[in-house]
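What follows is the residue order along each chain.
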Amino acid sequence: MLTLALRNLLHRPGRTLLIVLAIAAILAEILVLEGFMTGTYQQLRRAVLSRGSDVVLAQKGVHNFVATRSILRQQVRTEVEALAGVVATHPLAVLSLVYVRGERRMPIIVFVYDDTGGPRRLAVGQLPQSDGAIAIDQSIAQRFGLAPGDTFTLSAYDFTVSGVTKGEAAIMTPFAFITFDTLIDFYFNSDVGSDIAAFPLLSFLFVDAAPGLAPATLAARIEAAVPDVSARLPADLARNDENLGRELFAPILNVLLGLSYTAGALAIGLFMFAAVRARQRVLGVLRALGFTTRHLIGAILGEALMLTAMAIPLGVLIAAGLGRLIERLDPVYLLPITEPEALFRTAGVAVIMAVAGALVPLRALMRLDPATAFRG
Amino acid sequence: MLNWTLRELLLAPQQLVASVAAVAGAFLLVLFFEGVFAGESVQIVALIDKTDADVWVMQKGVGNMHMTTSFVSDWKVDAVAEVEGVAKATPILYMNTTIEAGGRNWFSYVVGVEANDPRVGPWQMAAGAAHPSPGGAVVPEIFASDAGLKLGDTVRIGGRDFRVDGFSRDTFSMANSISFVSFGDLADLMNSLGAVSYILVDAKPGVDPQALADRIKAQVENVNALPRAVFVAHDYSIAVQMGLNIIWIMTLIGGALAVLLTGFVVYSHVTERERELAVMKALGVHNRSIYAAMCAQALIIGGLAFILSLALMAAAMPLTAVLAPKISLAITADAVMRVGATALAVSLVAAVIPVRRIVSVDPVTAFQQ
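Residues numbered from 1 in each chain as written. Chains lettered and ligands numbered in written order. Predicted model: local features only at pLDDT ≥ 70, side-chain atom pairs only at ≥ 80, totals over all residues. Heavy atoms only, no water.

### Brief notes about the nonpolar core
Here comes step 1: Counting 148 residues, the largest nonpolar core has A:Phe65, A:Phe271 and B:Trp56 as the members making the most contacts within it.
Here comes step 2: Counting 44 residues, the second-largest nonpolar core is a separate cluster that includes B:Phe71, B:Ala137, B:Val139 and B:Val201. (Core = buried A, V, L, I, M, F, W, Y, C linked by side-chain atoms within 4.5 Å. Buried < 20%, exposed > 50% of the residue type's maximum accessible area, 1.4 Å probe, protein only.)

### Here we look at the interface of chain B and chain A
Note on interface size: it is often stated as the accessible area lost on association of the parts.
Here comes step 1: Contact residues are listed per partner, giving 73 residues for chain B and 67 residues for chain A.
Here comes step 2: When chain B packs against chain A, the two sides together hide about 6,400 Å² of surface, and 66% of this comes from carbon and sulfur.
Here comes step 3: Seen at the junction of chain B and chain A, the total is two salt bridges.
Here comes step 4: The partner of B:Arg104 in a salt bridge is A:Glu247, with the nearest N and O atoms 2.4 Å apart.
Here comes step 5: Linking chain B with chain A are 10 residue pairs in polar contact (both at pLDDT 80 or more).
Here comes step 6: Where the side of chain B that touches chain A is concerned, the elements lending two or more residues are helix 2 (13-44), strand 2 (72-73), strand 3 (86-101), strand 4 (104-113), helix 6 (183-190) and helix 8 (228-272) of chain B. (Contact = heavy atoms within 4.5 Å. Buried area = accessible area lost by both parts, 1.4 Å probe. Salt bridge = Lys/Arg side-chain N within 4 Å of Asp/Glu carboxyl O. Polar contact = N/O pair within 3.5 Å; in protein donor to acceptor, adjacent residues only side chain to side chain. Helix = DSSP H or I, 4+ residues; strand = E, 2+ residues; numbered from the N terminus.)

### Some thoughts on unusual backbone geometry
Residues and elements named next belong to chain B.
Here comes step 1: With a phi close to 65°, Asp 170 is a non-glycine residue in the positive phi region.
Here comes step 2: Residue placement: Asp 170 occurs in the loop between strand 8 (160-168) and strand 9 (178-182).
Here comes step 3: For Asp 170, a relative accessible area of 32% gives the class partly exposed.
Here comes step 4: Phi is positive for Asn 222, close to 55°, though the residue is something other than glycine.
Here comes step 5: Considering the arrangement of structural elements, one finds Asn 222 in the loop between helix 7 (209-219) and strand 12 (223-227).

### Brief notes about the pattern of salt bridges
Residue and element names in this part refer to chain A.
Here comes step 1: Using the criterion set out here, one finds 27 salt bridges over all chains in the structure.
Here comes step 2: Between Glu 34 and Arg 345 there is a salt bridge; the shortest N-O distance is 2.6 Å. With Glu 34 in helix 2 (residues 13-49) and Arg 345 in helix 10 (residues 340-358), the pair connects residues that are 311 residues apart, well separated along the chain.
Here comes step 3: On the basis of relative accessibility, which here comes to 2%, the residue Glu 34 falls in the buried class.

### Some thoughts on the domain arrangement of chain B
Residue and element names in this part refer to chain B.
Here comes step 1: Segmentation of chain B into domains returns domain 1 (2-44 + 237-367) and domain 2 (61-221).
Here comes step 2: A straight line from the C-alpha centre of domain 1 to that of domain 2 covers 46 Å.
Here comes step 3: If you look at the interface, domain 1 gives eight residues, while domain 2 gives 13 residues.
Here comes step 4: With a closest N to O distance of 2.6 Å, Asp 146 and Lys 326 form a salt bridge.
Here comes step 5: For the interface between domain 1 and domain 2, the tally reads three residue pairs in polar contact (both at pLDDT 80 or more).
Here comes step 6: Listing elements by their share of the side of domain 1 that touches domain 2, those giving two or more residues are helix 2 and helix 8.
Here comes step 7: With three residues, helix 2 is the largest single contributor of residues to the side of domain 1 that touches domain 2. (Domains from an automatic or database assignment.)

As structure tokens, then:
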């Protein structure tokens, strides 16, 4: 029956190509959604893991790095540095601001860092070392046509773009980086100056452990000595942020994926139904020759699976192209299409869709009369 | 030819239904995706919209509430209240954080409200008190179903325990869930004594909000003041801009899928009826007329699919509210028009797919066995 299915596919290559393209489009759409989900979780994990250090201190009870507010007392740094096993500490402040130009608005998370916690990769330019310098992510640079040397006005303070970073964004929000000297200057010279008391100067403190000291041990030691902080390993915060992302996005993306699977099964069902209708006489001949309904279902199923098997690599290619296109159009998104887990899951679902779709013309096959073969 | 087109379509009603359903599935995906972004955009401005203050006052340089921070010294509340035309000035605190309960974590904006002032708070309640007392919190009712919370249970907000005083409705969304605690509790949590986040201004009767906002900006140093409608528009535009590119790509994929599905159906009709087409050609029917019939067929499928997708979307909205209450859906005229235009374009492009097949049909085949 597989030979029959293969011959059917090759008999009308134009039709086969159309079907393969359509199934590939569905798979591409599913893979883009999967990529969006995977990319979102990766970005959330990277947000803290890219900042470096062994232990991260946050306000007591704060267990996330992204999408939460943490304020530490300035003295925490001195208290922690006095503890055994602490080699160095690196302060980080986090501000949520909105960049406005004309009618366009973009929320931005500004990381204020000292010597650790800055951007990992620069696409162009340099780190923001001088006063008033800011490194912006390429998603900001691209959307607003900014380059090193340009002025970047936030809260009425004119920063100078020193560099453009790559891959510094999470939950559709790009990051920007400044130093503490610039932060002080920003507070005093911008419109926020008079209300500075409420603004954070220390959100997180990154701690380097002495060689040979387990970061978890150091974290426990810090929590015991400084009661108003939470000490977490970067990997723990990354996992918490990822879980928060799942809590946020999973319900919606799962519904969208469910809709895509249904649309895919419907489309494959349409193709198989059309195939049975178009070949009624051939199928009637087969019945007249003694082939059972089971054989015919096997042939239709084989055809659906072959079509899907041809569509999978094409779907992956289309999805990879679309993923690159989206990332290029708006680098705030990360769409890793070729993650093995998502690929296997999508391929598995594609097979299920093919089987479900192949069952659509089941009734027509069961009612097929062998006499059809002898009608004019 | 139109009669032939209709007859041909109706000759195989099951195939027509399957085609329309499959293409509608592609359109529904696009509509649903747009609906999610529109729904989230509406929820993002829910607090500003439902609170219904005439003017919002915030830190100078700030023009949004979503994903931003605003701090204004608390003495400015009195300064704003003294501006001519102000009936009442109400401060709130506002921060984003995570809320934990029953092993679950939710992202939420937390609003600190004066305990004795009902000016701000949840606009719809499911259970309990609408206004949190000190040490208490009003949280979205979805938290209750997610974590099995009851009134009086404990949630952790920003690492501190709060008693659940009430469950609010219409305050949960993916990007903008809102919880309420007392002003003093949030000030402690934020270490923001002496500051407020926003000041809500009620204008005296007959006072124009825009003129009042301008007056406040002129008379109170380092603040921004926006009429409610402008403030809503600012936050709404952030949400829309964040989703613009991804919506465009999803529309592209859904549109391409619909083109292929519709094209397949029209192509199948042509290949199945080559003999009929050959007879028509032999009888003098021009290719032009056959193309028109194919276009009509594609337009009928595209049109029916579009209508079906709208109907499914309309049915999905109340169903989603019941079955998946975490998803906020809304449908906008823009989205409907965009998908409608896509359906039209899809139909016309799909009709082009079988052109080569039509051209290659030889009238002589009509007379061959």
